[in-house]
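# Notes for the structure review
What follows is each chain in one-letter form.
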Amino acid sequence: MSLLPEGRRFLLAPSLLSANPLSVEASIARLGGEEDWLHVDVMDGHFVPNLTYGPGFVRALRARYPDAFLDVHLMVQPPEDFVDSFAEAGADLLTVHGEATPHLHRLLGRIREKGCAAGVSLNPGTPVEWIAPVLHLADLVLLMSVNPGFGGQKFLPEVLEKVTALCRRRAVRGESFLVEMDGGLGPDNVDLVVSAGCQVVVAGSAVFGAPDPAETLRRMRHSGEASTHGGSCGA
Ligand SMILES: O=C(CO)[C@H](O)[C@H](O)COP(=O)(O)O
Ligand SMILES: [Fe+2]
């Protein structure tokens, strides 16, 4: 299964972490329908030093936006305890951190059994070799380009090497996972990550902190589409 619609080079996933928590609907309306996915950051105060939403938030999003693609980024430990409830709440994609469980192989299988696409994420300090044995079970790899826990941090360019390594491996093995980048992204650097081969770009503060979030997404789309392909790794 590929999550990338035919003819699309990359998708934009605004992160609700930077939306106004008192008026999430109004924040989503300000995206003007320019978003491809809605990125939902779930934090447990244990795997990461911050707290956000539970499955009830995803259930409410699903009820209000039945056609939205809900990209749920689980920064929780152990993720095994939460996969079923977020799947049943209506997530489309559940991404778990490779660092958060010794049972990644079993867990990715469980996510698919629950009817969701399965994603695996890595912190900036974790090498891609860590997840090599499970890549055939993944629909998406989410590379953190900041240390997880907070929005508004600076993009760490050293993670671009991981995109190159993953794209090479994907081509050699004929695998189909997408590569998503998350953290410190916006109109000024989307071209860099799309040309490196990323197919999903998350952006929180750059979108919701802008005077016109819809226009910011249009600028990001234009910049990413105009970027040059990065050799054999370009999407
Ligand atoms: O997973 C995350 C943080 O752990 C967020 O998705 C990410 O930080 C997005 O925010 P910003 O674009 O402001 O960096
Ligand atoms: Fe995220």
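Residues numbered from 1 in each chain as written. Chains lettered and ligands numbered in written order. Predicted model: local features only at pLDDT ≥ 70, side-chain atom pairs only at ≥ 80, totals over all residues.

Looking at an unreviewed UniProt entry, the protein chain carries the name Ribulose-phosphate 3-epimerase, with the source organism given as Aminomonas paucivorans DSM 12260. One UniProt comment on the protein chain, placed under Catalytic activity (unreviewed entry), says "D-ribulose 5-phosphate = D-xylulose 5-phosphate". Turning to the protein chain, the UniProt annotation filed under Pathway (unreviewed entry) states: "Carbohydrate degradation." (UniProt positions renumbered as here; feature names shortened; annotations may be inferred.)

## Observations regarding the site of ligand 1
Contacts to ligand 1 come from 22 residues, most closely from S15, P148, G151, G204 and S205. Listed by contribution, the elements that provide at least two residues to the shell around ligand 1 are β2 (38-43), β3 (70-75), β8 (200-203) and α7 (205-208). Split into classes, the residues belonging to the shell around ligand 1 amount to 8 nonpolar, 12 polar and 2 charged. (Near = placed C-beta within 6 Å. Helix = DSSP H or I, 4+ residues; strand = E, 2+ residues; numbered from the N terminus. Nonpolar A, V, L, I, M, F, W, Y, C, P; charged D, E, K, R; others polar.)

## Focus: the pairing of β8
Alternating residues of β8 divide into V200 and V202 and V201 and A203, and every residue in both groups is buried. Direction of pairing for strand β7 (residues 178-182) relative to β8: parallel, over a ladder of 3 bridges. Paired with D182 across the two strands is V202, which belongs to β8. This β-α-β element, β7 to helix α6 (residues 190-196) to β8, shows right-handed connectivity. (Buried ≥ 20, exposed ≤ 12 C-beta atoms within 10 Å, placed from the backbone. Pairing = 2+ DSSP bridges. Right-handed = clockwise from strand over helix to strand, strands pointing away.)

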